[in-house]
Amino acid sequence: MTKPETKWEPMGLERFAHLEDKIYRVAEAFKAIRKENEILRAENQKVKAEMETLRESQSTRDEDLANLQKEREELRERVEKALNLLAALEVR
């Protein structure tokens, strides 16, 4: 007669050790995730600061461009007036 195979099941302290090992692995994974989260938060703050600097720089460039366009238009008008004066002198 063959003896039926029985599945080995941990008992008592063995089950507790197995559970303890699982808890340890979960805690270690949680620590790693927490550390990664801290790193990502710091990186996020750094990127936000860089973005703000770029926005300020862009704003300054936009203002400079507007001023240069205004100066260009004023200069163009002055050149047109001077050319009109020269044209009026040539007609006489």
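The structure presented is a predicted model; accordingly, all values stated were derived computationally and were not measured.

Parameters and conventions
Residues numbered from 1 in each chain as written. Predicted model: local features only at pLDDT ≥ 70, side-chain atom pairs only at ≥ 80, totals over all residues. Heavy atoms only, no water. Helix = DSSP H or I, 4+ residues; strand = E, 2+ residues; numbered from the N terminus. Buried < 20%, exposed > 50% of the residue type's maximum accessible area, 1.4 Å probe, protein only. Areas by Shrake-Rupley, 256 points an atom, 1.4 Å probe, with all protein chains shown as cover. Salt bridge = Lys/Arg side-chain N within 4 Å of Asp/Glu carboxyl O.

What follows covers the overall build of the protein. Summing up its helical and strand segments, the protein has one helix and zero strands in all. Evaluated residue by residue, the protein yields a buried proportion of 0% over its 92 residues. Total accessible area computed for the protein in this model is approximately 9,600 Å², and 58% of it derives from carbon and sulfur atoms.

Let us look at the pattern of salt bridges. A full pass over the atoms with the stated rule returns five salt bridges. A salt bridge links R55 to E52, with the shortest nitrogen-to-oxygen separation between them at 3.8 Å. Of this pair, R55 and E52 both sit in helix α1 (residues 13–91), three residues apart, which is roughly one turn of the helix. Put simply, R76 and E73 hold a salt bridge, and the shortest N to O gap is 2.3 Å.

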